[in-house]
Structure formats: structure tokens, C-alpha cells
Amino acid sequence: MRRTVLAVLTCCLLAATACSSGGSSTSASPTASEADVVAWMDKVCGAVDGTAKAMSDEPPIDMSDPAKLKTGLSDWLGTKVAAVDKSISDLKGLENGPHPKSKELATAAQDGMGQIRTLLADTRSKLDASTDATGAITAFTEMVARASELEKAGADVQKKFDETGLATAAQKANNCKGLQTSPPTS
């Protein structure tokens, strides 16, 4: 179960970034150089990269001790929420980029990350309120069940970035290259 959770959440994080290998290739702006747009894209992907890295570890699952299970999962979710908060803050600082739609695009990425944050924070709240291992597992299972919501949000964000012609810039940005993966198939 835990690999499924991580794969889905990581896929959603990656989809919520501007990094894609497809899309149109229209000019960003007559006043912005290609190098400026690529540098901005690198920062956008870098903002998400911290969360992607934070999501790459597995939660501690110790079924032999319900208290440790609950505490371990809660702490794990807390570090993920903190990482998403940092990504959202970093993306907010990128709203005034060189692309004509920088604010719109940075806000879309923030919104996608916000949905991930909400899912993680809600799961943590339910987990912390649980009184036994069954409640803790139920909270985590509900998170997995809601992952499809994030997939759709991530796809919507990626579509917005693709439609604006930033795919080429993403392909050239080093931080974006590190995020490009094939999402797991279901």
C-alpha cells in the first residue's frame, strides 16, 4: 500500500509542475529572452523539487505498536506538509516572471500544490484523531482513495503550462529535467 501512495502523490507533484515533454512551442514574449524564460522555469521546477524529494521516502509502518504507527505516520505527514508549504511559498515568489502569464502559471502550480497539502494535512488530522491502529490505517487508506483528485488537478495544471508553450523551456531547464518521469500506469 505505501508504495502506491508514494507513487500517486509523487506523480501528482510532478504533474503539478511546469515540466513536460509535450505541448506547443510558441514564443514566450517579445520582451523576454528565451534564457530568461528557461531560468524562470528552472526556478519553478526547483520550487517543486523539494517537495518531490520529500515525498520520495516511505512512511514508517510498524504494525506491532499502534502508538508508534500513529506517531510515525503523523510525523512523516508533517514533514511532507512542511515541504509543500515551502514549495507554495517559493512558487508565490515566482509570480512576476518573464513570461506574460507567469503569475497565472505560478498560481496554477501553487493551487495544485495546495490540493496536495490539503490531502496530506487532512490525513494527518484524521490520523492524529484516531484512537487505534485501525483508525490510523483508515485515514491513510482514505488518502489513497482521494489520490485521483490530485491526478486530475495535476493534469489540469500541466495542460495550462503546455498550452502556454513552456514545454520547450522546461526541457532546457536543469531542475525540470530532474523531475521528468513517466507517471505510473494503473
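Anything mentioned here points back to the structure above.
Keep in mind it's a predicted model, so treat the numbers as computed, not measured.

**Observations regarding the overall build of the protein chain**
Of the regular secondary structure elements, the protein chain holds eight helices and zero strands. A total of 186 residues make up the protein chain; the buried ones form 46% of that total. For the protein chain, the accessible surface area stands at approximately 9000 Å², while carbon and sulfur atoms represent 52% of it.

**Details of the packing of helix α3 (residues 66-92) against helix α5 (residues 133-145)**
α5 packs onto α3 with a crossing angle of 30 degrees between their chain directions and a minimal axis gap of 9 Å. Compared by their axis directions, α3 and α5 come out roughly parallel. By crossing handedness, the relation of α3 to α5 is classed as left-handed. Across the interface between the two elements, P66, L69, L73, W76 and L77 from α3 touch A133, A136, I137, F140 and M143 from α5. When grouped by side-chain class, the residues that make up the contact of α3 with α5 number 10 nonpolar, no polar and no charged.

**Considerations on the state of the cysteines**
Counted by the stated rule, this structure contains one disulfide. The disulfide partner of C45 is C176, and the S-S distance across this bridge is 2.0 Å. In this structure the cystine formed by C45 and C176 twists about its S-S bond by roughly 90 degrees; its chirality is therefore right-handed. Of the two residues, C45 is situated in helix α2 (residues 34-54) and C176 in helix α8 (residues 174-179); the sequence distance between them amounts to 131 residues. In terms of burial, C45 and C176 fall into one category: buried.

**So, α5**
For α5, spanning 13 residues, the distance from its first C-alpha to its last is 18 Å, which sits close to the expected 18 Å at 1.5 Å a residue. N-capping of α5 is provided by D132, with a side-chain oxygen placed 3.3 Å from the backbone N of T134.

**A closer look at the side chain of T123**
Tracing the chain through its elements places T123 in helix α4 (residues 102-129). Look past the residues within four positions of T123 in its chain and what remains in contact with it is L77, A139, F140 and M143.

**Considering the side chain of S74**
Turning to its location among the elements, S74 is positioned in helix α3. For S74, the side chain forms a polar contact with the side chain of D128, separated by 2.6 Å. Contact partners of S74, with chain neighbours within four places excluded, come to R124, L127 and D128.

**Focus on α2**
Relative to the 30 Å expected for 21 residues at 1.5 Å per residue, α2 spans 30 Å between its end C-alpha atoms, a close match to the ideal helical length. In α2, a bend of some 30 degrees at V48 exceeds every other bend along the element. Of all the residues in α2, the buried ones are V37, V38, W40, M41, V44, C45, A47, V48, D49, T51, A52 and A54.

Conventions used here
Residues numbered from 1 in each chain as written. Predicted model: local features only at pLDDT ≥ 70, side-chain atom pairs only at ≥ 80, totals over all residues. Heavy atoms only, no water. Helix = DSSP H or I, 4+ residues; strand = E, 2+ residues; numbered from the N terminus. Buried < 20%, exposed > 50% of the residue type's maximum accessible area, 1.4 Å probe, protein only. Areas by Shrake-Rupley, 256 points an atom, 1.4 Å probe, with all protein chains shown as cover. Axes fitted to C-alpha atoms, helices over the stretch in contact; angles between N-to-C directions. Parallel < 35°, antiparallel > 145°, perpendicular 65-115°, else oblique. Left-handed = near helix turned anticlockwise from the far one by under 90°. Contact = heavy atoms within 4.5 Å. Nonpolar A, V, L, I, M, F, W, Y, C, P; charged D, E, K, R; others polar. Disulfide = S-S within 2.5 Å. Expected span 1.5 Å × (residues − 1). Polar contact = N/O pair within 3.5 Å; in protein donor to acceptor, adjacent residues only side chain to side chain. Bend = angle between axes of the 7 residues up to and from the residue.

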